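Here is what each chain is made of, one letter per residue.
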Amino acid sequence: MTTKLSALQRWVDEVAARTQPETIHWCTGSDDEYQQLVDLMVEDGTLSPLNQETYPNCYLHLSDPTDVARVEHLTYVCTEEPDDAGPNNNWMSPADGHARVDALFDGAMQGRTMYVIPYCMGPITSPYSRCGVEITDSPYVVVNMKLMTRMGSAALERIERDGKFVRGLHSTGDLDPERRFIMHFPDELYIKSIGSGYGGNALLGKKCHALRIASWQARSEGWMAEHMLIMGIENPEGETHYIACAFPSACGKTNLAMLIPPHSMPGWKIHTLGDDIAWLHFDDDGCLRAINPESGYFGVVPGTNEETNKNAYDMITRDTIFTNVARTEDNEPWWEGKADGKPAYDWRGQPYDPSQGKAAHPNSRFTVAATNNPSYSELADAPEGVPISAIVFGGRRKRLAPLVYEARDWKHGVLVGASAGSETTAAAIGEVGVIRRDPMAMKPFCGYNFGDYWRHWLSLEERSDKLPKIFHVNWFRQDDDGNFLWPGFGENLRVLKWIIDRCEDRVGARETPIGYLPEPDDIDTAELDISAETMRVLSSVDLDRWRIENAHFATYLDSFGERVPQELRDEHERVASELDKAS
Ligand code: OXD
Ligand code: MN
């Protein structure tokens, strides 16, 4: 197969000339192709079949031990002006960026097959979807892209019709962290990634295209590309609200999106549209609608069990690629938090020895098609997307942030999102558990200066009088002994119900300097073992700590200098003076 789109053919020829592959394979996206690549990888040891009786069609990939997470320090946005990438990104000039990686791509595919993967982010027929082509020398990337995106012949046909696509060039190179770079050239809609096979660095449709490049495109085209799950919440009366929630990596987006309602809420249903990325566009009536550009999940495995996320637990018993989990004697996958079985081999493939650390890597992952999810919403394929009633920000905060609060209005909501912070997780290389600012959960993914990004968010107010309400949640509050105050998981639906009731003006709220909070008994705690005192703590505002938090945020804003919109500074000062007045 080749293409009639000369720009694409030229690019493929140009890449082949530089990387010198042995053969070129244009991916059709067929099931046979998937199976042939799986067989090839089983033969060369890249994949191992798991127990096919209990885990049909499941395979295990153990990565190079240095290649287990996103590498934010090696991820660059290459713009002519450093200020366009902003202090939130590593910067290189486009000329230096290309030169740096092109040298590594020279001859990089010798003796390998070069795969050309046309893909479509979003439903093939949606006007909101955007396409790309990833060239890679990794069959592991191809099979993951098959599970995660609409890829192959149908995508190629759309690309040939559109004539426009994002170019993504990837090679695993020699997996040497010294020769690993993830480079973005937003002006050229070009991504070059070398030296890593890890999902967030190598499945270029995901973070590189659907967030970093798409956020750049979205600003100029008037839409939003966000690190958000999308879910539908149906009440017993059959009324469904859709919400989009932005939480940092490994903070429970997948679990929330697939939530199973608690026993005390019979008749409620959850419909999952997406667990990681939302593209939001205004329709002709000014309603903000969301599509999920992806069609599969690349989720964190540890902690997944029948209690925390039964839908995910069931979904990954078939047709799943596991990366860096442990294995039992019976060749079943195993991870910390799995209720049954015990590990015989760890994620490095070594006999399990607890003194050597966890059996499964804390950032071990499953890749699976979204259609495997028992709570999959057919509307995930709807070209027009779904209308969003609420945007919810959140993070992991042991202290400070209450269980839930609502922003006063859109402008305040932008401040709430911009000032969000969270404890770091194993999804990126680096120290785990330290608080960092993660505006809109986009710190690692915004493809341009955060100052300009906040301006773009603020500008949406001029576009519509039907904007969603904005909320903030924190499932992770702890007491002084490190116990979680809120049970989380399915019980989070109780909080989502309050959010929807607020959207429908069905419940009141208490006004505070940080926004509107529920009264402690506004959140139904029937059948929960939680004291009135805990609910009081979860729904109170520690004014002194918030003043400190607010002052830290002022310093953070200053680091973006003149690019910070005055409107955001004014809003921040308004909250600061409310906090002063109240304390
Ligand atoms: C992810 C991440 O894999 O955010 O989704 O790191
Ligand atoms: Mn993510």
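Before any of the text, the structure's been laid out above.
Residues numbered from 1 in each chain as written. Chains lettered and ligands numbered in written order. Predicted model: local features only at pLDDT ≥ 70, side-chain atom pairs only at ≥ 80, totals over all residues. Heavy atoms only, no water.

## Some points on the sheet that holds strand S3 (residues 59-61)
(1) Moving on: Taken together, the five strands give an open sheet; going across it, the order is S2-S3-S19-S22-S18, and neighbouring strands pair in mixed fashion. Strand pairing shows two members of the sheet lacking a second neighbour, strand S2 (48-49) and strand S18 (296-300), which therefore form its edges.
(2) Moving on: Where S3 and strand S19 (residues 321-323) come together, three bridges link them in parallel fashion. Bridge assignment links Leu60 to a residue of S19, and that residue is Phe322. (Pairing = 2+ DSSP bridges. Helix = DSSP H or I, 4+ residues; strand = E, 2+ residues; numbered from the N terminus.)

## Regarding the packing of aromatic side chains
(1) Moving on: If you walk through the whole model with that rule in mind, you get 23 aromatic pairs.
(2) Moving on: Geometrically, the ring pair formed by Phe450 and Trp454 is stacked, given 5.4 Å between the ring centres and 10 degrees between the ring planes. Of this pair, Phe450 and Trp454 both sit in helix H12 (residues 450-459), four residues apart, roughly one helical turn. The pair Phe450 / Trp454 is uniform in exposure class, with both members buried.
(3) Moving on: Put simply, the rings of Phe393, Trp410, Tyr448, Phe450, Tyr453, Trp454, Trp457, Phe553, Tyr556 and Phe560 pair up and form one aromatic cluster.
(4) Moving on: Above the ring of Tyr448, the side-chain terminus of Arg219 is found at 4.1 Å from the ring centroid. (Phe/Tyr/Trp six-rings, centres within 6.5 Å; stacked < 30°, edge-to-face > 60°. Buried < 20%, exposed > 50% of the residue type's maximum accessible area, 1.4 Å probe, protein only. Lys NZ or Arg CZ within 6 Å of the ring centre and 35° of its normal.)

## With respect to the pairing of strand S4 (residues 75-78)
(1) Moving on: Side chains Thr75 and Val77 project from S4 onto one buried face, and the interleaved Tyr76 and Cys78 project onto a second face that is buried too.
(2) Moving on: Here S4 pairs with strand S10 (residues 181-185) via three bridges, running parallel. Bridging across to S10, Tyr76 finds its partner in Met183.
(3) Moving on: Across three bridges, the pairing between S4 and strand S5 (residues 90-92) is parallel. The partner of Tyr76 across the bridge, within S5, is Asn90.

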